[in-house]
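Descriptive analysis of the structure
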Amino acid sequence: MKIESKSLTGFLALMFACLPLFYLFRIDPIFFHIGTLVFLLSLVALSPGSRVSREGLGFLTLVYLLIVISAIREIGGQIDIFEYFKWFAFGLQMLLLLSVVGRDNVDVFFSKYANWVSVVSVLQIFLMLTGGIDDHYGRYFFFGDSHPNLGGEIYTIALLFGALSLGRNRFLVIFLPMFICLLMMQARSAELVAIGILIAKVFFDSSNQVKAGRVVGVVTILMLVSGALLIEGSMAQYFMAKVMLADDAFRGSGTGLVGRVERWSIGIEYALANPLLGSGISTYTADDALSPHNAFLYGFSMCGAFSLLFWWFIAGAVVRASKRDRRVALYTAPFLILFLLNDRFINLNPYPFLLYFSVIRLGERSLLKDHTTRLSVKVGRPIDDPVASSRRA
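Basis of the calculations
Residues numbered from 1 in each chain as written. Predicted model: local features only at pLDDT ≥ 70, side-chain atom pairs only at ≥ 80, totals over all residues. Heavy atoms only, no water. Helix = DSSP H or I, 4+ residues; strand = E, 2+ residues; numbered from the N terminus. Buried < 20%, exposed > 50% of the residue type's maximum accessible area, 1.4 Å probe, protein only. Contact = heavy atoms within 4.5 Å. Areas by Shrake-Rupley, 256 points an atom, 1.4 Å probe, with all protein chains shown as cover. Axes fitted to C-alpha atoms, helices over the stretch in contact; angles between N-to-C directions. Parallel < 35°, antiparallel > 145°, perpendicular 65-115°, else oblique. Left-handed = near helix turned anticlockwise from the far one by under 90°. Core = buried A, V, L, I, M, F, W, Y, C linked by side-chain atoms within 4.5 Å. Salt bridge = Lys/Arg side-chain N within 4 Å of Asp/Glu carboxyl O. Expected span 1.5 Å × (residues − 1). Phe/Tyr/Trp six-rings, centres within 6.5 Å; stacked < 30°, edge-to-face > 60°. Patch = residues over 30% accessible without salt bridge, like charges linked within 9 Å, V, L, I, M, F, W, Y side chains within 5 Å. pLDDT = per-residue confidence, 0-100. Polar contact = N/O pair within 3.5 Å; in protein donor to acceptor, adjacent residues only side chain to side chain. Nonpolar A, V, L, I, M, F, W, Y, C, P; charged D, E, K, R; others polar.

1. Re the overall build of the chain
When helices and strands are counted, the chain shows 19 helices and six strands. Counting the 393 residues in the chain, one finds 50% classified as buried. Partitioning the intrachain contacts of the chain with sequence separation of at least 6 by distance along the chain shows that 76% fall at a separation of at least 24. When the accessible surface of the chain is totalled, it reaches about 18,600 Å², and 66% of it is carbon and sulfur.

2. Some remarks on the packing of helix α6 (residues 106–130) against helix α7 (residues 148–165)
A pair of packed helices is characterised by two quantities: the angle between their axes and the separation of those axes. Relative to each other, α6 and α7 sit at 135 degrees, their axes nearing to 8 Å. The orientation of α6 relative to α7 falls into the category oblique. Between α6 and α7 lies a crossing of left-handed hand. Of the residues in α7, those in contact with Asp 107, Phe 109, Phe 110, Ser 111, Tyr 113, Ala 114, Val 117, Val 120, Ser 121 and Gln 124 of α6 are Ile 154, Tyr 155, Ile 157, Ala 158, Phe 161, Gly 162, Leu 164 and Ser 165.

3. Some thoughts on the nonpolar core
Ranked by internal contacts, the top residues of the largest apolar core, which has 98 residues, are Phe 109, Tyr 113, Phe 310, Phe 335, Leu 354 and Phe 357. Those residues in contact with Phe 335 that lie beyond four places of it in its chain are Thr 156, Ile 157, Leu 160, Val 193, Ile 197, Tyr 351 and Leu 355.

4. Thoughts on the environment of Asn 169
For Asn 169, the position within the fold is in helix α8 (residues 168–185). According to the relative accessible area criterion, Asn 169 is exposed, its value standing at 61%. Counting along the chain gives 33 residues from Asn 169 to Val 202, while the straight-line C-alpha distance between them is 9.3 Å.

5. Description of the pattern of salt bridges
Close approach of charged atoms allows side chains with opposite charge to pair. Taken as a whole and assessed by the stated rule, the structure comprises five salt bridges. A salt bridge links Lys 86 to Glu 83, with the shortest nitrogen-to-oxygen separation between them at 2.8 Å. Placement of the pair is Lys 86 and Glu 83 together in helix α5 (residues 81–100), with a separation of three residues, close to one helical turn. A residue is classified by how much of its surface remains accessible, and Glu 83, at 12% relative accessible area, is buried. Ionic pairing is found between Glu 364 and Arg 361, a salt bridge with its closest N-O pair at 2.2 Å. As far as burial versus exposure is concerned, Glu 364 and Arg 361 are alike and both buried.

6. Thoughts on α7
Taking 1.5 Å of rise per residue, the 18 residues of α7 would be expected to cover 26 Å, and the 26 Å separating its terminal C-alpha atoms lies within 8% of that figure. Counting buried positions along α7 gives 18 out of 18 residues, so the element sits mostly inside the fold.

7. Overview of the packing of aromatic side chains
Per the counting criterion, the structure on display carries 35 aromatic pairs. Aromatic side chains Phe 90 and Phe 353 sit 5.5 Å apart centroid to centroid with 80 degrees between the ring planes, which places their arrangement in the edge-to-face category. Separated by 263 residues along the polypeptide, Phe 90 in helix α5 and Phe 353 in helix α18 (residues 350–362) bring together distant segments of the chain. For Phe 90, a relative accessible area of 0% translates into the label buried. Ring centres of Phe 109 and Tyr 113 lie 6.4 Å apart, and the angle between their planes is 10 degrees; this geometry places the pair in the stacked category. Within this pair, Phe 109 and its partner Tyr 113 are both found in helix α6, separated by four residues, close to a single helical turn.

8. Some details on a nonpolar patch on the surface
A cluster of nonpolar side chains, contributed by Ile 34, Val 38, Phe 82 and Phe 85, occupies part of the molecular surface with about 350 Å² of accessible area. Secondary structure elements with two or more residues in the nonpolar patch: α3 (29–46) and α5. Within the element layout of this structure, Phe 82 appears in helix α5.

9. Description of the confidence of the model for the chain
Confidence along the chain averages 82 in pLDDT terms, with 77% of residues attaining 70 or more. Segment residues 249–256 is flagged for pLDDT under 50; beyond a separation of four residues in sequence, or across chains, it makes 13 contacts in the model.

10. Regarding α3
Between its first and last C-alpha atoms α3 spans 26 Å; for 18 residues at 1.5 Å apiece the expected length is 26 Å, and the two agree. A side-chain oxygen of the first residue of α3 lies 3.0 Å from the backbone nitrogen of Ile 30; this N-cap is Asp 28.

11. Observations regarding the side chain of Ser 307
For Ser 307, the location among the structural elements is in helix α15 (residues 307–324). Of the residues examined, Ser 307 reaches a relative accessible area of 1% and is grouped as buried. Looking at Ser 307, its side chain comes within polar contact range of the main-chain oxygen of Gly 304, at 2.7 Å. If near-sequence neighbours (up to four positions away) are discounted, Ser 307 is found in contact with Leu 66, Gly 299, Phe 300 and Phe 345.

12. Some thoughts on the side chain of Asp 325
Residue position: Asp 325 is located in the loop between α15 and α16 (327–332). Here Asp 325 falls in the buried class, since its relative accessible area comes to 19%. One polar contact links Asp 325 to Arg 327, side chain to side chain, over a distance of 2.8 Å.

13. Quick notes on the packing of helix α4 (residues 54–74) against α15
For the pair α4 and α15, the least separation of the axes is 9 Å and the interaxial angle reads 160 degrees. The angle between α4 and α15 places the two elements in the roughly antiparallel class. As for the relative orientation of α4 and α15, their crossing is left-handed in sense. Of α15, the residues touching α4 (which contributes Glu 55, Gly 58, Phe 59, Leu 62, Val 63, Leu 65 and Leu 66) are Ser 307, Leu 309, Phe 310, Phe 313, Ile 314 and Arg 320. For the contact of α4 with α15, the residue count by class is nine nonpolar, two polar and two charged.

Here it is, written out as structure tokens:
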């Protein structure tokens with residue numbers, strides 16, 4: 001099978017969409033991640049002429065730079081090798097996926113992933129209604145009693161991909177079952193992200209519709225509607241009480257954002273302890289400390305000021321992608337909620353891995369000018385450029 005083919009891209013999308021089944025059958029997801037990494041590595045190694053953009057190599061270099069800085073920082077202390085392995089695998093898998101899912105087929109990957117995950121959401125609804133997934137005091141967990149936030153993050157990635165690749169009507173079809181799952185899991189941050197993507201998709205279904213006047217008009221309408229709801233009172237109270245659970249004894253406004261304020265203070269303490277190099281990748285596992293539930297604090301506390309290079313890279317990719325398709329900025333903006341309220345930083349879960357992948361792929365400079373580097377991997381014989389080979393001959 002030719003690398004970067006549409007059939008292979010569709011198969012990869014199905015693979016990534018099947019991750020929830022590992023939770024369903026209570027199989028450690030580390031086996032999924034290892035299997036995916038080995039499969040991608042085999043594809044690239046055995047495929048002649050594999051190419052990857054400079055952004056992919058740049059991202060790999062940046063992640064490995066953070067690993068080296070952290071290792072230097074933690075010399076002589078407690079080092080969690082497994083955490084380092086996950087970061088190493090994260091950078092390598094990103095490079096490999098960018099090699100296999102070409103810029104011509106990324107739309108196929110987006111649409112297939114979104115469609116398959118919508119099927120997963122229908123399965124989850126069925127299991128919740130039939131008792132296959134237990135109700136924990138009114139809140140359903142994700143497959144295999146995994147945390148609802150994990151499921152919420154997976155569904156938001158699928159909705160992002162659906163918004164980017166599907167028409168408005170088809171998007172609404174896949175949105176419904178996934179949003180029902182979010183409501184039943186009470187994944188509030190993901191609900192807000194989903195609502196943000198829905199609004200952006202409804203009003204800005206094509207890049208040509210993203211114009212300053214239209215954006216201002218939509219924002220104005222939303223503000224007026226929100227103001228009317230607040231004045232009316234009852235609907236706003238219902239939304240806050242029933243959807244956002246603001247009055248809940250365990251997850252409401254009186255709990256300090258469900259412990260996040262306390263966790264943010266922990267992250268700030270680690271960040272201030274070594275603002276230049278950070279406290280190291282092993283910080284939270286070695287110290288058995290609570291993570292800060294904020295991606296920016298999480299990265300800064302472990303990698304210090306060098307983590308800003310990582311965010312600069314991602315932000316640059318978003319800006320470049322948005323220049324080519326203005327919808328990217330609108331569809332990805334709601335994810336700031338997850339970055340602020342959850343601490344996924346370097347993680348192989350669909351969020352943030354596939355989010356980073358999408359903006360890097362869409363924001364590659366090679367879409368405007370060819371900046372590619374050939375991967376040369378020796379497996380029996382070197383993968384080489386046939387043109388170059390003929391010249392040498």
